[in-house]
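What follows is each chain in one-letter form.
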Amino acid sequence: QVQLIESGGGLVRAGDSLRLSCVASGRTFSTYSMGWFRQARGKEREFVGSIDRSGGSTYYKESLKGRTAISRDNAKNTLYLQMNNLKPEDTAVYYCAADPNHGFAGSSATIYDYWGQGTQVTVSS
């Protein structure tokens, strides 16, 4: 079992940058591949990006490439999501998720066994 706690959300303006964090406790963090997802009000949860166990491989939603970066610090049991040039359409609850079973950075929510409670990001125009 692993617990995931996101932080760093808030109200920002369009064009701003934001870094979200996700701290994991429980089983060894370095054994999970990790992902970020988001869910806007009234919409389905969507993939943002993911990173493999070592942090050597990342994978992003195509439309977010270039202004999104995922990283991890296995020594601190922490996952990060850096988002730049934020837009109102980035407004959503952002979730981190852990996949203990696969070694790759996956995009399907079904492979992630553990989820955090989410952190709200609101981007004003």
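Note: the structure precedes this text.
Attention here is on the structure that accompanies the text. (Residues numbered from 1 in each chain as written. Predicted model: local features only at pLDDT ≥ 70, side-chain atom pairs only at ≥ 80, totals over all residues. Heavy atoms only, no water.)

### Considerations on the pairing of strand 7 (residues 68-73)
Under the convention used in this document: Only protein chains enter the accessibility calculation, which uses a 1.4 Å probe; a residue is then buried when its area is under 20% of its type maximum, exposed when over 50%, and partly exposed in between. Strands are runs of DSSP state E lasting at least 2 residues, helices are runs of H or I lasting at least 4, and numbering of each runs from the N terminus. One bridge is not enough; two strands pair if DSSP finds at least two bridges between them.
By the alternation rule, side chains of strand 7 split into Thr68, Ile70 and Arg72, which are all buried, and Ala69, Ser71 and Asp73, of which none is buried. Relative to strand 8 (residues 78-83), strand 7 is paired through six bridges, and the arrangement is antiparallel. Following the sheet pairing, Ile70 is matched in strand 8 by Leu81. In this structure, the hairpin formed by strand 7 and strand 8 is closed by a connection of four residues, where Asn77 is found at a positive phi of approximately 55 degrees.

### Some details on the side chain of Ser50
The following threshold applies: What qualifies as a polar contact is a pair of N or O atoms within 3.5 Å, subject to a donor-acceptor requirement within protein and to the restriction that residues adjacent in sequence count only when both atoms come from side chains. Any two residues whose heavy atoms approach within 4.5 Å at even a single point are treated as in contact.
Within the secondary structure, Ser50 is located in strand 5 (residues 46-51). A residue is classified by how much of its surface remains accessible, and Ser50, at 0% relative accessible area, is buried. Within polar-contact distance, the side chain of Ser50 engages the backbone oxygen of Ala105 at 3.3 Å. At 3.0 Å, the side chain of Ser50 and the backbone oxygen of Gly106 are in polar contact. Apart from residues no more than four positions distant in its own chain, Ser50 is found in contact with Met34, Gly35, Ser57, Thr58, Tyr59, Ile70, Ala105, Gly106 and Tyr112.

### Overview of the sheet that holds strand 3 (residues 18-26)
The condition is simple: For helices, the fitted line uses only the C-alpha atoms of the stretch in contact; every axis is such a line through C-alpha atoms, and the angle between N-to-C directions lies from 0 to 180 degrees.
Taken in spatial order, the four strands line up as 1-3-8-7 in an open sheet, and their pairing is antiparallel. In the strand order of this sheet, the two ends are held by strand 1 (2-7) and strand 7, each with one partner. Taken over all neighbouring pairs, the strand axes of this sheet differ in orientation by 15 degrees on average, direction set aside. With six bridges connecting them, strand 3 and strand 8 associate as antiparallel partners. Counted as the bridge partner of Leu20 is Leu81 from strand 8.

### Things to note about the state of the cysteines
For clarity, the cut-off: The criterion for a disulfide is a pair of cysteine sulfur atoms lying within 2.5 Å.
The full count for this structure, using the stated rule, is one disulfide. Through a disulfide, Cys22 is tied to Cys96; the S-S separation comes to 2.0 Å. Residues Cys22 and Cys96 are joined by a disulfide whose S-S torsion is about 55 degrees; by sign, that bridge is right-handed. One end of the pair, Cys22, is in strand 3; the other, Cys96, is in strand 9 (residues 92-99), with 74 residues separating them in the sequence. The pair formed by Cys22 and Cys96 is uniform in burial state, with each residue classed as buried.

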